[in-house]
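Here's the letter readout for the chains.
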Amino acid sequence: MSRLGLRLLALAYLATILVAPLVIVFWRTFEDVGAAWDALSAPDTIHAFKLTLLITAIAVPVNTVFGIVCALAIVRRRFPGKGLLNAFIDLPLALSPVVVGLSLFLLYGREGWFGVWLGRHNIQFLFALPAMIVATIFVSLPFVAREVIPTLREVGDEQEQASRTLGAGGWQTFWRITLPSIRWAVIYGVILTTARSLGEYGAVAVVSGRIQGQTETATLRVEEQYEQFNLPGAYAISIVLALMAIVVLVAMTTIRPKETA
Amino acid sequence: MRASRDRAGTALSLGFVTTFLTVLVVLPIAALVWESTKAGSQGFWDAVSSPESVAALKLTIGTAVAVSLLNAVLGTITAWVLVRDEFRGKSLVNAIIDLPFALPTIVAGLTLLALYGPRSPIGVDVAFTRTAIVLAMMFVTLPFVVRTVQPVLQELDPEAEEAARSLGASGLTSFRRVIFPNIFPGVLSGMALALAKAIGEFGALVIITGNLPFKTEVSSVYIFGRIESGDTAAAASVAVVLLALSFVLLLSIGVIRHFATRHDRA
């Protein structure tokens, strides 16, 4: 009895918070397919999706390289301040996206430490693509490192040492031994980074200036459509973003068992 | 020769990591702290203690604490069901748990509004109320406790529970004496993560809360409003308070992990 009760409680919890709201959005969108299509095919919407994909395409590789180097440094090297670094890379996970956005806004703004120099050289950083990319990199920074660190610890360094003893160089050892052994962790981290980059809202909202057709990403477009009282439009764009999230989710579930095996 | 190359490698990778983090994370945060101190400590205090800011901070922290407690109870039950129970579609349910990690927060807010807003098909309209804040925070923090407790339960031998039951312990007693001591660190660190996420949440709240000052305006939304109206010094001051809270929560997670793994290291 109690087992069944707990099961029902857990399922009811997931249904009320997660599943039911999403189902309603799908239902509402298909109530008015014409309006949904109009919103999705509007040039500004297409531009917003392209911008989101472009930002993701830049942020993900940058964070992947950083994450791997950072994980290798934390697990394989000895240096003072290691514990501090290990704690510090988690900060973007615990920080409000608005605080992240504001920090970048202040650093790159007209009177900011970097902003003054950028202004003098006529480089448009804030309210333009560069600031949006930097904001996205900031919020999705820890995912690859967080996944790779435990895996690196688990596989140990015997094979790497053997490879070194047999005369392989650092690069060769990395490509032939280290990378293959952490590849699932890297892929899992890349998936999480991608999801975070596609969905970022708060930090980008602060630094982008939200100029329609220019610095408006897909998530910003959702909010803009809602503000314009175009609910079918907001729902339609949300659904495309939700479908992307579901693809990410499927990828996560297929990879997870391999990671634990 | 190899030792020197190793040292060069350490220096190179450390140089890269440090430069990257400094430019990307440390300098922006330093700029934030700098901005908050521009008007002196009095200016900082005035900004943080303005009635609207205090109302927002109280609302944010109070709701986030309540949500992380809810999360602890419901998350633990969900994790237990996923590990110990068997039913059709369990793997699908297990996959759905991660949805809040994958779904953009603005979409989360909009979906909640569709079901619990003015056009609700079930007649429940909580839009622009504090209940809406609770719902949105519950949505974005849902996976944390489940995902920190689940692996611990998986490692825990079900025979210990069964032994307790066969010795006459009730379900609640066996939970309290056998399961709870094992999962407690996981519950705590999951709660701390959920608390950090809930305190900082913005995207999911923007649409559904209506952002009414003194009523439904949380701190991140308040900061955003200050930025929009050009008062960056006040925005930075409140942001520094949130930053300090994030640091404290990260630190507590570190301490919890340290104590939870002390047996493994000994």
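Residues numbered from 1 in each chain as written. Chains lettered and ligands numbered in written order. Predicted model: local features only at pLDDT ≥ 70, side-chain atom pairs only at ≥ 80, totals over all residues. Heavy atoms only, no water.

(A) Local environment of helix α8 (residues 129-139) of chain A. Among the eleven residues of α8(A), nine are classified as buried, and the element is accordingly described as predominantly covered. Burial in α8(A) covers these residues: Ala131(A), Met132(A), Ile133(A), Val134(A), Ala135(A), Thr136(A), Ile137(A), Phe138(A) and Val139(A). (Buried < 20%, exposed > 50% of the residue type's maximum accessible area, 1.4 Å probe, protein only. Helix = DSSP H or I, 4+ residues; strand = E, 2+ residues; numbered from the N terminus.)

(B) Examining the interface of chain B and chain A more closely. Each partner contributes residues to the interface: chain B has 85 residues there, and chain A has 82 residues. In this assembly, chain B packs against chain A so that about 7,400 Å² is buried in total across both faces, 78% of it on carbon and sulfur atoms. Broken down residue by residue, the surface that chain B buries against chain A is led by Leu24(B), Leu110(B) and Arg119(B), which jointly contribute 8%. Residue Arg3(A) pairs with Asp85(B) through a salt bridge whose shortest N-O separation is 3.9 Å. Summed over the shared surface of chain B and chain A, the number is nine residue pairs in polar contact (both at pLDDT 80 or more). No other element matches helix α1 (residues 2-37) of chain B, which puts 22 residues into the side of chain B that touches chain A. When the residues that make up the side of chain B that touches chain A are grouped by side-chain class, the tally is 59 nonpolar, 14 polar and twelve charged. (Contact = heavy atoms within 4.5 Å. Buried area = accessible area lost by both parts, 1.4 Å probe. Salt bridge = Lys/Arg side-chain N within 4 Å of Asp/Glu carboxyl O. Polar contact = N/O pair within 3.5 Å; in protein donor to acceptor, adjacent residues only side chain to side chain. Nonpolar A, V, L, I, M, F, W, Y, C, P; charged D, E, K, R; others polar.)

(C) Representation of the domain arrangement of chain B in the model. All names here are of chain B. When its domains are assigned, chain B resolves into domain 1 (1-37) and domain 2 (40-265). Taking only C-alpha atoms, the centre of domain 1 and the centre of domain 2 are 31 Å apart. Between domain 1 and domain 2, the residue contacts involve six residues of the former and nine residues of the latter. Both sides together, the interface formed by domain 1 and domain 2 hides about 600 Å², and carbon and sulfur atoms give 71% of it. Seen at the junction of domain 1 and domain 2, the total is zero salt bridges. The tally of links between domain 1 and domain 2 comes to two residue pairs in polar contact (both at pLDDT 80 or more). For the side of domain 1 that touches domain 2, a count of residues per class yields three nonpolar, two polar and one charged. (Domains from an automatic or database assignment.)

(D) Here's a closer look at the pattern of salt bridges. Across all of its chains, the model carries 15 salt bridges over all chains by this definition. Salt-bridge contacts for Lys38(B) lead to Glu35(B); the nearest nitrogen and oxygen are separated by 3.3 Å. Classification of Lys38(B) as exposed rests on a relative accessible area of 51%. Judged by its relative accessible area of 11%, Glu35(B) falls in the buried class. The network of salt bridges with shared partners includes Arg3(A), Arg7(A) and Asp85(B).

(E) Structural context of the packing of helix α6 (residues 97-108) of chain A against helix α7 (residues 113-120) of chain A. Residues and elements named next belong to chain A. At a closest axis distance of 4 Å, the pairing of α6 and α7 adopts a crossing angle of 50 degrees. Looking at the two axes, α6 sits oblique to α7. Judged by residue contacts, Leu-106, Leu-107 and Tyr-108 of α6 engage Trp-113, Phe-114, Gly-115 and Leu-118 from α7. Within the contact of α6 with α7, the residues separate by chemical class into six nonpolar, one polar and no charged. (Axes fitted to C-alpha atoms, helices over the stretch in contact; angles between N-to-C directions. Parallel < 35°, antiparallel > 145°, perpendicular 65-115°, else oblique.)

(F) Geometry of a nonpolar patch on the surface. Together, Leu243(A), Ile246(A) and Val250(A) make up an exposed nonpolar region whose accessible area comes to about 240 Å². Tracing the sequence through the fold places Val250(A) in helix α14 (residues 231-260). (Patch = residues over 30% accessible without salt bridge, like charges linked within 9 Å, V, L, I, M, F, W, Y side chains within 5 Å. Areas by Shrake-Rupley, 256 points an atom, 1.4 Å probe, with all protein chains shown as cover.)

(G) Fine view of unusual backbone geometry. In this model, Arg210(A) sits at a positive phi of 50 degrees, which is unusual for a non-glycine residue. With respect to the element layout, Arg210(A) can be found in the loop between α12 (202-208) and α13 (218-227). Judged by its relative accessible area of 28%, Arg210(A) falls in the partly exposed class. You will see that Phe214(B), though not glycine, has its phi angle at about 70 degrees, which is positive.

(H) Expanded view of the environment of Gly101(A). Residues and elements named next belong to chain A. Here Gly-101 shows up in helix α6. Owing to a relative accessible area of 0%, Gly-101 belongs among the buried residues under this scheme. Separated by 105 residues in the primary sequence, Gly-101 and Val-206 place their C-alpha atoms 5.2 Å from one another. Excluding its chain neighbours within four sequence positions, the residues that come into contact with Gly-101 are Ala-203, Val-206 and Val-207.

(I) Structural context of the domain arrangement of chain A. Residue and element names in this part refer to chain A. Domain parsing of chain A yields domain 1 (1-31) and domain 2 (33-260). The C-alpha centroid of domain 2 is placed 30 Å from the C-alpha centroid of domain 1. Contacts between the two partners involve seven residues from domain 1, matched on the other side by seven residues from domain 2. Across the domain 1 to domain 2 interface the summed buried area is about 640 Å²; carbon plus sulfur atoms make up 84%. Looking at the side of domain 1 facing domain 2, the largest losses of area belong to Val-25, Phe-26 and Thr-29, adding up to 66% of the total buried there. In this assembly, domain 1 and domain 2 are joined by zero salt bridges. Applying the counting rule to domain 1 against domain 2 returns zero residue pairs in polar contact (both at pLDDT 80 or more). Residue classes in the side of domain 1 that touches domain 2 are distributed as four nonpolar, one polar and two charged.

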